[in-house]
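Secondary and tertiary structure notes
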Protein chains: 2
Amino acid sequence: MLGNFTFCNPTKLYFGKDALNGLAEELPKYGKNVLLVYGGGSIKKNGIYDKVVKILKESGKEIYEDSGVMPNPTVDKLKEGVERAKKANADLILAVGGGSVCDYAKAVSVSVNCKDDPWDKYFIRFEEPNCKIIPVGCVLTMVGTGSEMNGGSVITNHAQKLKIGHVFGENVFPRFSILDPEFTYTVPKYQMVSGIYDVMSHILEQYFSGTDDNTSDYIAEGLLRSLIHSANVAIDNPTDYEARSNIMWTATWALNTLIAKGKTTDWMVHMLGQAVAAHTDATHGMTLASVSMPYYRYIMPYGLDKFYRYAINVWDIDAKGKTKEQVASEGLDAMEKWMKKIGLVMSLFDLGATMDMLSGIVESTLIMGGGYKVLDKSEIREILRNSY
Amino acid sequence: MLGNFTFCNPTKLYFGKDALNGLAEELPKYGKNVLLVYGGGSIKKNGIYDKVVKILKESGKEIYEDSGVMPNPTVDKLKEGVERAKKANADLILAVGGGSVCDYAKAVSVSVNCKDDPWDKYFIRFEEPNCKIIPVGCVLTMVGTGSEMNGGSVITNHAQKLKIGHVFGENVFPRFSILDPEFTYTVPKYQMVSGIYDVMSHILEQYFSGTDDNTSDYIAEGLLRSLIHSANVAIDNPTDYEARSNIMWTATWALNTLIAKGKTTDWMVHMLGQAVAAHTDATHGMTLASVSMPYYRYIMPYGLDKFYRYAINVWDIDAKGKTKEQVASEGLDAMEKWMKKIGLVMSLFDLGATMDMLSGIVESTLIMGGGYKVLDKSEIREILRNSY
């Protein structure tokens, strides 16, 4: 808890089996024109689209649509969304989908009235919006990114081979989010497992930084234990409401700024994973999974005390009669075993990456400075090579 | 995570050694008239009063004062505060103090424009405000109640021998709170320890309920471990910034609605403690401490699984070769040992209670229904008798 910080998270969450009732409560706060943003159409198959449209109509809203948001939303799609929002004169952008759809909705919300090129301004120069922001609401159908209660937005530029996230301030956070765990039941197992690891990675990126012993680390350990417990249940029984609801709630709190308080935070696994995605368009959580073990084994000596603590407090490693290195290493072994058990992808080959992509992925990897070791390009190459 | 719930906590927190700078950032949002609310004058001795007044003046505010808020704010004081706020035509109520001062400020904020008797409306009939609420801001100088980021307000009626809390909705939450851990350094050790136990009790009241295995319980365990760790440091070195800042942050998250999500919650220790306080005017955290062990030992059989888990996950009890009862009981033993070590009051006699008060305290104890056992009056008498 060293240093100064502020905390403010104004997003209102409606959680549970009746959460969608919250949408009817929220809608009167906004004007008539709603831009309904969604992905490839799965919400039409599982009935969520119909439920949402019914509530929008009952609330007297004019509905404009913007569909086809892809898993890694692109700059080109962002430009299309801006045009659609302008044409709709949107008073509210309602994202119905997973993190990609929420991320995209936020990117549109700060770009509609932006005079500069949004990619350059927000994702290259990391500037804050200085224009009118369209309010965003979310109906979450996939768990992982935490986008439902934060200012994060990740956009991919295929021409530049870059996938970059901007964490906007609280003025860009969704005004409200609808979290019904049952809405996530129809997500394929591959996507569910990928989302679970995205959540774990968010927690670890914040946990593995700093040498102080602060409350955020203790909360992070609690979230990790809950996630591992509920993931084990959900893998065997994907419609276990208790497990799915705990995973959904953990995902939200894993990345809504809370457990970053008093921390420097790392984010190198995300930088590596995003570079992989920029070249392969692979599923986000799986890109993180495939680079994680090589990364953590590489930096373990630089943050040994924290990896030792992680092994004991999260993986219940018995420390008796062992060196710190042994305990820390056994913690990572336990993590790797669990990752394989729940079905995560552990090799870049399985994500469509070929060896001749290696140099390009190294080139696309942004270097962060908040973790236990600031990597150079040769270290990034080594970690990525070990991820194949 | 069973059931439906909403989460919304709009309070903006400024945390750290420069947190008071946040006051200057916030003040322009409010009108000219500020009612400055504080307690017995310790803030004049430690310099916080001067710092706050300087910022208020630099921001062009008209300052009206309401001092003398007592540790257990009374109905009579509340009436006085309402008159002062009316006379000041207050645009903002700025509470500078501990939880009592924040609680009191919130009670005034919903009573100024209230047509009914506030005690009857809010604390007897538990109604919600249907009048204009004056915004409240807090500068926290004592840690424990969590009042800085919730809607809680506890008021004492000596004539009726009742101390009752109302948990108001998010419209009554402080708009902002200033949390500088150094502002708590001058708090006497008795008060610091009392505050630490208040925090622990808040967490336990929420933790010891329900049989489900949800994320809130895992977060609660993290907060408990952090609190115990930092309390052990602070007892030996009260000006250890890291420890005091962690305790302050844990206190806020112990009672800002987060770890109650998906839980029924108990609150019987608070009901017992508040009844004691109504008869003795003793320090809040100490009243909780003195009734806790008799209460937990009494209900342990009714929530054995949770007490077993508590022993292992919070107190590191080795479960090998022991019955569930043994493990659970050893967890409570460890807790009791720790309570004595940090200097908590373990007997009602030490809080000024005499045996002839017993029947009156039993009579004043409200009965809650969210824990592992709904007590009857004879069980309450037994627990209280064991607390002497």
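Residues numbered from 1 in each chain as written. Chains lettered and ligands numbered in written order. Predicted model: local features only at pLDDT ≥ 70, side-chain atom pairs only at ≥ 80, totals over all residues. Heavy atoms only, no water.

What to know about the overall build of chain A
Scanning chain A from terminus to terminus reveals 15 helices and 8 strands. Counting only residues that meet the buried cut, chain A has 63% of its 388 residues in that class. Expressed as a percentage of contacts within chain A between residues at least 6 apart in sequence, the contacts between residues at least 24 apart total 78%. Put simply, chain A has 41 plus and 46 minus side-chain charges, and the middle of one group is 3 Å from the middle of the other. (Helix = DSSP H or I, 4+ residues; strand = E, 2+ residues; numbered from the N terminus. Buried < 20%, exposed > 50% of the residue type's maximum accessible area, 1.4 Å probe, protein only. Contact = heavy atoms within 4.5 Å. Lys, Arg positive; Asp, Glu negative; His and termini not counted. Charge placed at Lys NZ, Arg CZ, Asp CG, Glu CD.)

Brief notes about the relation of the copies chain A and chain B
Note on the copies: chain A fits chain B at an RMSD of 0.0 Å, the axial shift is 0.0 Å, and the rotation between them is 180°. A rotation of that kind, with that shift, is consistent with a two-fold axis. In this assembly, 100% of the residues forming the interface of chain A have copies in chain B that are likewise at the interface, indicating an isologous arrangement. (Least-squares fit on C-alpha atoms with pLDDT ≥ 70 in both.)

Here we look at the pattern of salt bridges
For the coordinates displayed, the defined rule picks out 44 salt bridges over all chains. What emerges from the salt-bridge pattern is a single network uniting Asp66(A), Lys77(A), Glu80(A) and Arg84(A). (Salt bridge = Lys/Arg side-chain N within 4 Å of Asp/Glu carboxyl O.)

Examining the interface of chain A and chain B
Frequently, the measure chosen for interface size is the accessible area removed from exposure when the parts meet. Contact residues are listed per partner, giving 42 residues for chain A and 42 residues for chain B. Between chain A and chain B, roughly 3600 Å² of surface is buried when both sides are summed, and carbon and sulfur atoms account for 57% of that area. Counting the surface chain A buries against chain B, the share from its top three residues, Phe7(A), Tyr218(A) and Trp249(A), is 17%. The tally of links between chain A and chain B comes to 2 salt bridges. Put simply, the parts of the chain that give the side of chain A that touches chain B at least two residues each are strand E1 (5-15), helix H8 (215-236) and helix H9 (241-254) of chain A. Where E1(A) meets strand E1 (residues 5-15) of chain B, 7 bridges bridge the pair, whose relative direction is antiparallel. If you follow Leu13(A) over to E1(B), its bridge partner there is Phe7(B). (Buried area = accessible area lost by both parts, 1.4 Å probe. Pairing = 2+ DSSP bridges.)

Things to note about the confidence of the model for chain A
The predicted model of chain A has a mean per-residue pLDDT of 96, with 100% of residues at 70 or higher. Interface scoring of the predicted complex returns ipTM 0.95; its pTM is 0.96. (pLDDT = per-residue confidence, 0-100.)

Considerations on the sheet that holds strand E8 (residues 176-179) of chain A
Across the sheet, 12 strands lie side by side as E3(A)-E2(A)-E4(A)-E5(A)-E8(A)-E1(A)-E1(B)-E8(B)-E5(B)-E4(B)-E2(B)-E3(B); this open sheet has mixed pairing. Edge positions in the sheet fall to strand E3 (62-66) of chain A together with strand E3 (62-66) of chain B, since each of these pairs with one other strand and no more. Averaged over all adjacent pairs, the angle separating strand axes in this sheet is 25°, with direction ignored. Across 5 bridges, strand E2 (residues 33-38) of chain A lies against strand E4 (residues 92-97) of chain A in parallel orientation. Paired with Val34(A) across the strands is Leu92(A), a residue of E4(A). Where helix H4 (residues 75-88) of chain A meets the sheet, its contacts fall on E2 and E3 of chain A, and the angle it forms with E3(A) comes to roughly 165°. (Axes fitted to C-alpha atoms, helices over the stretch in contact; angles between N-to-C directions.)

Describing the nonpolar core
With 230 residues, the main nonpolar core has Tyr296(A), Met335(A), Tyr296(B) and Met335(B) as its most contacted residues. When near neighbours in sequence (up to four residues on either side) are disregarded, Tyr296(A) contacts Tyr197(A), Leu204(A), Glu205(A), Phe208(A), Val269(A), Phe307(A), Leu332(A) and Met335(A). (Core = buried A, V, L, I, M, F, W, Y, C linked by side-chain atoms within 4.5 Å.)

Observations concerning the pairing of strand E7 (residues 162-167) of chain B
Residue and element names in this part refer to chain B. Bridge count for strand E6 (residues 152-157) against E7 is 6 bridges, and the pairing is antiparallel. Looking at E7, one finds that asparagine 157 is bridged to leucine 162. Between E6 and E7, which pair antiparallel one after the other, the connecting turn spans 4 residues, and lysine 161 there sits at a positive phi close to 55°.

Focus: the pairing of E1(B)
All names here are of chain B. Buried residues dominate E1, accounting for 9 of its 11 residues. In this structure, E1 lies alongside strand E8 (residues 176-179), joined through 4 bridges in parallel fashion. The partner of phenylalanine 15 across the bridge, within E8, is leucine 179.

Here's the deal with the packing of helix H7 (residues 189-207) of chain B against helix H13 (residues 324-342) of chain B
Residues and elements named next belong to chain B. Contact pair H7 / H13: the axes reach a minimum separation of 10 Å and the direction vectors enclose 155°. Looking at the two axes, H7 sits roughly antiparallel to H13. In this structure, H7 meets H13 at a crossing whose hand is right-handed. Facing Val193, Ile196, Tyr197, Met200 and Leu204 of H7, the residues of H13 in contact are Met335, Trp338, Met339 and Ile342. Taken together, the residues that form the contact of H7 with H13 break down as 9 nonpolar, no polar and no charged. (Parallel < 35°, antiparallel > 145°, perpendicular 65-115°, else oblique. Left-handed = near helix turned anticlockwise from the far one by under 90°. Nonpolar A, V, L, I, M, F, W, Y, C, P; charged D, E, K, R; others polar.)

Description of H9(A)
A rise of 1.5 Å per residue sets the reference length of H9(A), with its 14 residues, at 20 Å; its end C-alpha atoms lie 20 Å apart and thus fit the reference within 8%. One side-chain oxygen of the residue at the start of H9(A) lies 3.2 Å from the amide nitrogen of Glu242(A), identifying that residue as Asp240(A). (Expected span 1.5 Å × (residues − 1). Polar contact = N/O pair within 3.5 Å; in protein donor to acceptor, adjacent residues only side chain to side chain.)

Here's the deal with H8(A)
Residues and elements named next belong to chain A. Here H8 is 22 residues long and its end C-alpha atoms lie 33 Å apart, about the 32 Å a rise of 1.5 Å per residue gives. With respect to burial, H8 is a largely interior element, 17 of its 22 residues being buried. Two or three places before serine 216, at the start of H8, stands the capping residue asparagine 214, its side-chain oxygen 2.8 Å from that residue's backbone nitrogen.

Considerations on the packing of H7(B) against helix H8 (residues 215-236) of chain B
Residues and elements named next belong to chain B. One way to put it is that H7 packs onto H8 with a least axis distance of 10 Å and a crossing angle of 165°. Overall, the two elements H7 and H8 adopt an arrangement that is roughly antiparallel. The interaxial crossing formed by H7 with H8 has left-handed handedness. Residues Lys189, Met192, Val193, Ile196, Val199, Met200, Ile203, Leu204 and Tyr207 of H7 form the contact with H8, whose own contacting residues are Asp217, Ala220, Glu221, Leu223, Leu224, Leu227, Ile228, Ala231, Ala234 and Ile235. In the contact of H7 with H8, the residues fall into 16 nonpolar, no polar and 3 charged.

Section: the environment of Glu221(B)
Residue and element names in this part refer to chain B. By the secondary structure assignment, glutamate 221 is in helix H8. Separated by 67 residues in the primary sequence, glutamate 221 and leucine 288 have C-alpha atoms spaced 19 Å apart. With residues up to four places along the chain from it excluded, the contact list for glutamate 221 reads Tyr207, Arg309, Asn313 and Val314. Here arginine 309 takes part through its side chain, which lies 2.6 Å from a polar atom of the side chain of glutamate 221.

Quick look at unusual backbone geometry
Residue and element names in this part refer to chain A. For lysine 161, which is not glycine, the phi torsion reads 50° and is therefore positive. Tracing the chain through its elements places lysine 161 in the loop between strand E6 (152-157) and strand E7 (162-167). Residue tryptophan 267 is not a glycine yet carries a positive backbone phi of 80°. The residue tryptophan 267 is located in the loop between H9 and helix H10 (268-280) in this model. When its relative accessible area of 17% is taken as the criterion, tryptophan 267 is described as buried.

So, the environment of Ala275(A)
Residues and elements named next belong to chain A. Mapped onto the fold, alanine 275 is located in helix H10. Each C-alpha atom of the pair alanine 275 and isoleucine 164 lies 9.0 Å from the other, and the pair is 111 residues apart in sequence. The contacts of alanine 275, once residues within four sequence positions are left out, are Ile361, Ser364 and Thr365.

Thoughts on the packing of aromatic side chains
One pass over the structure, following the stated rule, counts 44 aromatic pairs over all chains. Relative to Tyr310(B), the ring of Tyr207(B) has its centre 5.9 Å away and its plane inclined at 50°; by these criteria the two rings are tilted. Here the residue Tyr207(B) occupies a position in helix H7, and Tyr310(B) occupies one in helix H12 (residues 304-313), the gap between them amounting to 103 residues. Among the residues examined, Tyr207(B) registers a relative accessible area of 0% and is labelled buried. Measuring from centroid to centroid gives 4.0 Å for Phe208(B) and Phe307(B), while their planes differ by 10°, and the two rings are stacked. You can see Phe208(B) sitting in the loop between H7 and H8 and its partner Phe307(B) sitting in helix H12, a full 99 residues away along the chain. You can call Phe208(B) buried: its relative accessible area is 0%. You can call Phe307(B) buried: its relative accessible area is 0%. Three or more aromatic residues joined by ring pairs form one cluster here, namely Phe5(A), Phe7(A), Phe15(A), Trp249(A), Trp253(A), Phe5(B), Phe7(B), Phe15(B), Trp249(B) and Trp253(B). (Phe/Tyr/Trp six-rings, centres within 6.5 Å; stacked < 30°, edge-to-face > 60°.)

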